[in-house]
Amino acid sequence: MGGTVQKTVSWQEKFFHEMAEYGINVIYLTLVFAAFTQYRRLVLAAHDIIYTNYWVAVIQALILGKVIMIGAVFHLGRSLEQKPLIYPTLYKAVVFTFLVVVINLIEHALKGLWTGNGLAGGFAEFFGRGPHELLAGSLVIFVALIPFFAIKELGRVLGEEKIGALFFRKAERAFVEGDK
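Quick caveat, the model's predicted, so the values are computed rather than measured.

Cut-offs used in this document
Residues numbered from 1 in each chain as written. Predicted model: local features only at pLDDT ≥ 70, side-chain atom pairs only at ≥ 80, totals over all residues. Heavy atoms only, no water. Helix = DSSP H or I, 4+ residues; strand = E, 2+ residues; numbered from the N terminus. Contact = heavy atoms within 4.5 Å. Salt bridge = Lys/Arg side-chain N within 4 Å of Asp/Glu carboxyl O. Buried < 20%, exposed > 50% of the residue type's maximum accessible area, 1.4 Å probe, protein only. Phe/Tyr/Trp six-rings, centres within 6.5 Å; stacked < 30°, edge-to-face > 60°. Lys NZ or Arg CZ within 6 Å of the ring centre and 35° of its normal.

Right, let's talk about the side chain of His108 for a bit. Position of His108 among the secondary structure elements: in helix H3 (residues 86-115). Beyond its immediate sequence surroundings of up to four residues, His108 is in contact with Gly122, Glu125, Phe126 and Arg129.

The structure is reproduced here in structure tokens:
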């Protein structure tokens, strides 16, 4: 009977840990996508074009945050874990940049269906932006994901508690308490 209580507690702890990690992922990704959306809005405003797709950043962050969690479940990049941290960091940044592009393509396809333009209309809108804009957007996402996955890899190697202590406590306390 005591084992049942212990299993329930560990299940709850795991659930709250996963939700906290998902929340952190979504917050970071929302900030990145919102900054990119704001940049796009400001550039288009210079040409008197109104851009109002503000909630897309949150939706993309919610979806990609879950995709990142699923990637962790499937140990994406596990074969690179024994190499220097730059390898799994860059690998994951590349893979998830590709996933952002795919999610964006799916978003345009669904938007085409929703507006009555069909899949072809959605794809035409996506590719109509041109290769330069697609490449520039992908580059921004790739660069933004590098520190994201670098911190995650440091957490994997050093421990999430130590990374949390380094970021949210005074440095002296984080090192002293982290070494105990």
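After presenting the structure, the write-up continues.
The subject of this paragraph is the pattern of salt bridges. Taken as a whole and assessed by the stated rule, the structure comprises six salt bridges. Put simply, Arg40 and Glu133 hold a salt bridge, and the shortest N to O gap is 3.4 Å. Within this pair, whereas Arg40 is found in helix H1 (residues 2-45), its partner Glu133 is found in helix H5 (residues 131-158), the two being separated by 93 residues in sequence. Accessibility expressed as a relative area gives 34% for Glu133, which makes it partly exposed. The salt bridge involving Arg156 is made with Glu153; its shortest N-O contact spans 2.6 Å. Pair noted here: Arg156 and Glu153 are both in helix H5, with a separation of three residues, about one helical turn. Look at the salt bridges and you will find they share partners, linking Lys92, Glu153 and Arg156 into a network.

A few words on the packing of aromatic side chains. Describing an aromatic ring pair means giving the distance of the ring centres and the angle of the ring planes. Under the defined criterion, the tally for this structure stands at six aromatic pairs. Ring plane angle 85° and centroid distance 4.9 Å describe the contact between Phe126 and Phe127, whose orientation is recorded as edge-to-face. Directly above the aromatic system of Tyr87 lies the positively charged group of Lys83, at a separation of 5.8 Å from the ring centroid.

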